[in-house]
Structures are given as C-alpha cells and as structure tokens.
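# Secondary and tertiary structure notes
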Amino acid sequence: MTDPRDFIAEEAALLDAGRFDEWLALFAEDGRYWVPLLGAAQADPHSHNSIAYEDRLLLQLRIDRLKNPRAHSQHPASHCQHVLQRSVIEREDSATGEVDLRTPFVYVEARGDEQVMLAGTYRHRLVRDAAGWSIRQKRVDLLNAARALPAIQLFI
C-alpha cells in the first residue's frame, strides 16, 4: 500500500473488525495514540491532561483487557464503526519519510442497547520505512471535546 490515505482507511477497517492486534502492529515502536482533553485547542500532551496518551505498551494492555473473557465491561461486547471523509495530506517530508494527514470522521460505538456517536478530526503522522507505513502518532481531536463524554470502550 503506497498511498497513505489508503493506509488510514485500512486502519479504521481493522478497528471496525475488532482486529486490535493487527491494528497495534501498525504503530511504530515510538508510536503514540493521543486523545487531547481540549481537542484541537490543546497544543501538546504534556501541558494539560488528555483523555488518552498511550504508547504501544499501554495500547497492548488495553487490547489484552478487551480480549479477556472476564472483562465485565465487554458483556455484551462492544462494536464500532468508523465513517471517514477522504484524508488530506497536509505535510510530506522526504528527508524523514514522514507524512501528516487530516481526516474528518464520525465514530459510532455500540454495546447492547447503548450507542455512542462522536465526531472529530484525526491527525495522523505516518512514517515510511522498508516495510511500508507506520503510525508515529494518531491524534484524535473530538468535536466539542470539552463536554462530558460517555465511557468509550474501544479505540476512536
């Protein structure tokens, strides 16, 4: 897969299919998953609290919890659907192999009779190596991030 926009669509498809281990494998060793508490207004993850700021180890722990049959929050199991607009390439750096993309989205998570819908913008920083694209950072800027949010079980 050479087009980074196709990579973003495939990443969402893995999450929708519940293929979390394959999704995690898309992250670079130094990859981060970040959901700023202030949404797009938050400049960095260190000067203010975040909803999530996780490296590969923390992501793996969340995936292990989701797969555990004793995880009471997954009875019944959660399912999700990502609806993406076409990603826009905002920056390409041929020297580092990095590319930044912006992707507006709608995310729906369902569990039993409950359903949560969130909207926002993804900001991916991808890095290309011999094996293809990897996620260096996935930032999830939620629309209206300042409001109280319901418990999200999966990955936005």
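For the structure given in this document, a descriptive report is provided here. (Residues numbered from 1 in each chain as written. Predicted model: local features only at pLDDT ≥ 70, side-chain atom pairs only at ≥ 80, totals over all residues. Heavy atoms only, no water.)

## Considering the pattern of salt bridges
Rules: Whenever Lys or Arg places a side-chain nitrogen within 4 Å of a carboxyl oxygen from Asp or Glu, that contact is recorded as a salt bridge. For each residue, the accessible area found with a 1.4 Å probe, counting protein chains only, is set against the maximum for its type, and the residue is called buried under 20%, exposed over 50%, and partly exposed in between.
Tallying each qualifying case throughout the model produces 17 salt bridges. Residue D100 is joined to R91 by a salt bridge in which the shortest nitrogen-to-oxygen separation is 2.9 Å. The exposure class assigned to R91 is partly exposed, which follows from its relative accessible area of 28%. Residues joined by salt bridges that share partners form a network here, namely D30, R91, D93, E98, D100, R125 and R136.

## With respect to the side chain of T103
Rule in force here: Only DSSP runs of H or I covering at least 4 residues are called helices, and only runs of E covering at least 2 are called strands; the numbering of each starts at the N terminus. N or O atoms closer than or at 3.5 Å make up a polar contact, with two conditions inside protein: a donor-capable atom paired with an acceptor-capable one, and, for residues adjacent in sequence, both atoms drawn from side chains. Residue contacts follow a heavy-atom distance rule, with two residues in contact if any of their heavy atoms lie within 4.5 Å.
Tracing the backbone through its elements, the reader meets T103 in strand 5 (residues 98-111). Polar contacts involving the side chain of T103 include one to the side chain of S87, which spans 2.5 Å. Leaving out residues up to four positions away in the same chain, T103 has contacts with I8, L84, Q85, S87, G120, T121 and Y122.

## What about the pairing of strand 4 (residues 88-93)?
Defined as follows: Should DSSP find at least two bridges between two strands, the strands are regarded as paired.
With five bridges connecting them, strand 4 and strand 5 associate as antiparallel partners. Within strand 5, the residue paired with E92 across the bridge is V99. As consecutive antiparallel partners, strand 4 and strand 5 are separated by four residues, and within that stretch G97 has a phi angle of approximately 80°, a positive value.

## Brief notes about the nonpolar core
What tends to happen in soluble globular proteins is that the nonpolar side chains get buried as a cluster. Operational definition: Definition used in this section: a nonpolar core is a set of buried Ala, Val, Leu, Ile, Met, Phe, Trp, Tyr and Cys residues joined via side-chain atoms within 4.5 Å.
Counting residues in hydrophobic clusters, the biggest one holds 32 residues, and the most contacted among them are W23, Y33, L126, V140, L142, F155 and I156. Elements with a minimum of two residues in this core: helix 1 (4-16), helix 2 (20-24), strand 1 (27-36), helix 3 (56-67), strand 5, strand 6 (114-129) and strand 7 (132-142). Not counting residues up to four positions away in its chain, the partners in contact with V140 are Y33, W34, V35, P36, F105, T121, Y122 and I156.

## Remarks on helix 1
In an α-helix, one turn spans 3.6 residues, which is why side chains three or four residues apart end up on the same side. Selection criterion: Multiplying 1.5 Å by the helix residue count minus one yields the expected span of that helix. This arc is taken over the directions from the axis of the helix to the C-beta atoms.
In a regular helix each residue adds 1.5 Å, so 13 residues correspond to 18 Å; helix 1 covers 19 Å between its end C-alpha atoms and thus fits that length. Those residues of helix 1 that sit buried are P4, F7, I8, E11, A12, L14 and L15. Taken end-on, helix 1 shows its buried residues confined to a sector of 155°, consistent with a single buried face. Lining the buried residues of helix 1 we find helix 2, strand 3 (78-84), strand 4, strand 5, strand 6 and strand 7. Looking at where helix 1 begins, the residue whose side-chain oxygen comes 2.8 Å from the main-chain nitrogen of R5 is D3. Looking one or two residues past helix 1, G18 carries a phi angle of roughly 70°, positive in sign.

## Points about the side chain of D141
By secondary structure assignment, the location of D141 is in strand 7. Overall, the relative accessible area of 5% leaves D141 in the buried class. Only 2.6 Å separates the side chain of D141 from the side chain of R139, close enough to count as a polar contact. Beyond its immediate stretch of four places on either side in the chain, D141 contacts P36, G39, A40, F105, A119, G120, T121 and R123.

## What to know about a nonpolar patch on the surface
Defined as follows: Patch membership requires more than 30% relative accessible area and the absence of a salt bridge. Residues of like charge join within 9 Å; the nonpolar side chains Val, Leu, Ile, Met, Phe, Trp and Tyr join within 5 Å. We get accessible surface area from the Shrake-Rupley algorithm with a probe of 1.4 Å; when it comes to residues, only the shown protein chains can shield them.
Side chains of L37, L38, I51 and L149 sit close together on the surface and give an oily, nonpolar patch of about 280 Å² of accessible area. If you trace the backbone, L38 turns up in the loop between strand 1 and strand 2 (50-54). Looking at L38, the relative accessible area reads 39%, which means it is partly exposed.

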